[in-house]
Amino acid sequence: MSRLLFVHAHPDDETLTCGIAMAHHVARGDEVHVLTCTLGEEGEVIPPGLAHLEGDPDDRLGPHRHGELTQALERIGAVMHLLGADDAAGRLSLYRDSGMAGSAAAAHPHAFAAADLDVAGALVADVVREVRPDVVVTYDDHGGYGHPDHIQTHRVTRRALELLGPADRPARVYEILTPAGWAREDRQWLRAADPALLDTSAWWSQQDLGTGSPEAPRLVVPDLVHPFPPSVVDDALVTHAVVDEAARATQNDALRAHATQVIVASEDVHALSNLVAARTTGREGFRRVDPLTWETVGDAVEPGEAGLLG
């Protein structure tokens, strides 16, 4: 048995970006841990019955998303960690969601994006020493799509690896990337998909809709020329891929736990609060990096089922 630690910014990020890899390794008998750096207090809430949590001055969205994360990781079979959590003090997380770039949330005294790298990095290092993972996974230097907390997660994880001694440093470190070939293929698939796969009504009917019973939202299919996020890269930059169709059911089950943030229209399609349809696939890409220099380790490989330890 091996141990893997996935370091993420907010609840739901872990399942959206690494749900396949996590479920794959759990099924293999490996021990999977997830460290989440904030509670996602600035998230946009989708179900109308929970809309009162969005922007709540008492930050009740954070504890609610903590519950969603707990349930999602239970469904995957992973162990949950929150950065700077203190049970004795009743603190679920030390840092707060910083919101999108330029938002008022960035000025909050506990905004994660402004955290001292040495302090936050030392907290991450403490978790690594506790878990002693063989593998650590986090975002690239763009944070996947540019969110300040994702970028900070990358920076803080790198600082943690620098602070660790050779005996405590994991053998393998990866950043999350998507091959451009996959991204283009997924867009083309969505354009040709059966409309029934994009129908949100079944998921919508299971939510707390409150009064008025609003109609289920309609998803938007991105056109083929819409820009991709910076984590979509040339195929040759992706050194590892986890491909496991059987893990997709587990990922979808976990995504349903994140109901404030994710619409699961079908086993093949999901969306966030922007209502842009995304294909749910049984594959995820990664680049293996040196834990100190962050230079690529190894060459591009054909997608396979070896996971992140093979």
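Placed above this text is the structure.
Predicted model only: the values in this text are computed from it and were never measured.

A.B. asks: Lay out the overall build of the protein chain in plain terms, naming residues and giving numbers.
C.D. replies: Helix and strand counts for the protein chain come out as seven helices and 11 strands. Computed over the C-alpha atoms, the radius of gyration of the protein chain is 19 Å, within 12% of the 19 Å expected from 2.2 N^0.38 for a compact globule of 310 residues. By principal-axis analysis of the C-alpha atoms, the protein chain measures approximately 60 × 45 × 35 Å. A separation of at least 24 residues holds for 78% of the contacts in the protein chain among residues at least 6 apart in sequence.

A.B. asks: Quick one: what's the story with the sheet that holds strand β9 (residues 269-271), residue by residue and with numbers?
C.D. replies: Spatial ordering of the open sheet is given by β8-β9-β10, a layout of three strands whose pairing is antiparallel. Bordering the open sheet on either side are β8 (263-264) and β10 (277-279), each of which pairs with just one other strand. Two elements, β9 and β10, share three bridges in a ladder whose sense is antiparallel. When the sheet's bridge partners are listed, Val 269 is paired in β10 with Arg 279.

A.B. asks: A description of the packing of helix α1 (residues 13-28) against helix α7 (residues 247-257) should follow, citing residues and the corresponding values.
C.D. replies: α7 packs onto α1 with a crossing angle of 135° between their chain directions and a minimal axis gap of 8 Å. As judged from the angle between their axes, α1 and α7 are oblique. Crossing angle aside, the handedness with which α1 passes α7 is right-handed. From α1, Thr 15, Leu 16, Gly 19, Ile 20, Ala 23 and His 24 reach across to α7, where they touch Ala 247, Arg 248, Thr 250, Gln 251, Ala 254 and Leu 255. Taken together, the residues that form the contact of α1 with α7 break down as six nonpolar, five polar and one charged.

A.B. asks: Run through the packing of aromatic side chains, naming residues and quoting values.
C.D. replies: Under the defined criterion, the tally for this structure stands at three aromatic pairs. Measuring from centroid to centroid gives 5.3 Å for Tyr 95 and Phe 112, while their planes differ by 55°, and the two rings are tilted. A residue pair is termed long-range when its members are at least 10 positions apart, and Tyr 95 in the loop between β3 (79-82) and α3 (117-131) and Phe 112 in the loop between β3 and α3 qualify at 17 residues. Ring geometry for Tyr 174 versus Phe 286: centroids 6.5 Å apart, planes at 75°, classification edge-to-face. Taken together, the positions of Tyr 174 in strand β5 (residues 172-179) and Phe 286 in strand β11 (residues 283-289) put the pair 112 residues apart, joining distant regions of the chain. For the pair Tyr 174 and Phe 286, one class covers both residues: buried.

A.B. asks: Go over the state of the cysteines, please, and point to the residues and values.
C.D. replies: Throughout this description, disulfide means a covalent bond between two cysteine sulfur atoms. The full count for this structure, using the stated rule, is zero disulfides. For Cys 37, which is in no disulfide, the shortest distance to another cysteine sulfur is to Cys 18 and amounts to 13 Å.

A.B. asks: Tell me about helix α5 (residues 180-192), and name the residues and values.
C.D. replies: Over its 13 residues, α5 runs 19 Å from end to end, which matches the ideal 18 Å to within 8%, given 1.5 Å per residue. When α5 is considered as a whole, its buried residues turn out to be Ala 180, Trp 182, Ala 183, Asp 186, Arg 187 and Leu 190. Each buried residue of α5 lies within a common arc of 160° when the element is viewed along its axis, so the set occupies one face. Buried residues in α5 make contact with β5, β6 (232-233), β7 (240-243), β9, β10 and β11.

A.B. asks: Describe the packing of α3 against helix α4 (residues 148-163), listing the residues and the values that go with them.
C.D. replies: Between α3 and α4, whose axes approach to 7 Å, the crossing angle comes to 65°. By the angle class used here, α3 and α4 are roughly perpendicular. For the pair α3 and α4, the sense of crossing is right-handed. Residues Leu 117, Asp 118, Ala 120, Gly 121, Ala 122, Val 124, Ala 125 and Arg 129 of α3 form the contact with α4, whose participating residues are Gln 152, Arg 155, Val 156, Arg 159, Ala 160 and Leu 163. Its residues assigned to classes, the contact of α3 with α4 shows eight nonpolar, two polar and four charged.

A.B. asks: Lay out unusual backbone geometry in plain terms, naming residues and giving numbers.
C.D. replies: We note that Leu 275 has phi near 65°; this positive angle belongs to a residue other than glycine. Among the structural elements, Leu 275 can be located in the loop between β9 and β10. In this model, Trp 294 sits at a positive phi of 65°, which is unusual for a non-glycine residue. Assignment of secondary structure puts Trp 294 in the segment after β11. Here Trp 294 falls in the buried class, since its relative accessible area comes to 8%.

A.B. asks: Account for the pairing of strand β2 (residues 31-36), naming residues and giving values.
C.D. replies: Buried residues dominate β2, accounting for five of its six residues. Sheet topology note: the strand β1 (residues 3-8)/β2 ladder contains six bridges and is parallel. Of the residues in β2, the one forming a bridge with Leu 4 is Val 32. Once the chain exits β1 it traverses α1 before rejoining the sheet at β2, and the crossover so formed is right-handed. Sheet topology note: the β2/β3 ladder contains four bridges and is parallel. In the sheet register, His 33 faces β3, and the bridge partner there is Val 79.

Cut-offs used in this document
Each chain carries its own residue numbering, running from 1 in the direction its sequence is written. Local features are withheld for residues below a pLDDT of 70 in this predicted model, meaning they are given only at 70 or higher, and side-chain atom pairs are given and counted only at 80 or more; totals for whole chains, interfaces and linings count all residues. For side-chain calculations, the full set of non-hydrogen atoms in the structure is used, while hydrogens and water are omitted. Helix numbers and strand numbers start at the N terminus; a helix is a DSSP run of H or I with at least 4 residues, a strand a run of E with at least 2. As a reference, a globule follows 2.2 Å times the number of residues to the power 0.38, and the radius of gyration itself is taken over C-alpha atoms. Whether two residues are in contact is decided by their heavy atoms, any of which lying within 4.5 Å being enough. A pair of strands counts as paired when DSSP detects no fewer than two bridges linking them. To get an axis, a line is fitted to the C-alpha atoms, and for a helix only the part in contact is used. The angle between two axes follows their N-to-C directions and goes from 0 to 180 degrees. Oblique is the label for any angle not under 35 degrees, not over 145, and not in the 65 to 115 range, which are roughly parallel, roughly antiparallel and roughly perpendicular in turn. Crossings are sorted by hand: turned counterclockwise from the far helix by less than a right angle, the near helix makes the crossing left-handed, and turned clockwise it makes it right-handed. When residue character is reported, Ala, Val, Leu, Ile, Met, Phe, Trp, Tyr, Cys and Pro are called nonpolar, Asp, Glu, Lys and Arg charged, and the others, Gly included, polar. Ring pairs are drawn from Phe, Tyr and Trp, using the six-membered ring of Trp, whenever the two centres fall within 6.5 Å, and their geometry is named by plane angle: stacked under 30 degrees, edge-to-face over 60, tilted for the rest. Throughout this description, buried means an accessible area under 20% of the type-specific maximum (1.4 Å probe, protein chains only), exposed means over 50%, and partly exposed covers the range between. We call a pair of cysteine sulfur atoms a disulfide when they lie within 2.5 Å. For a helix, the expected span equals 1.5 Å multiplied by the residue count minus one. Directions pointing from the helix axis toward each C-beta atom define the arc. The path from the first strand over the helix to the second decides the hand: if it runs clockwise while the strands point away from the viewer, the crossover is right-handed.

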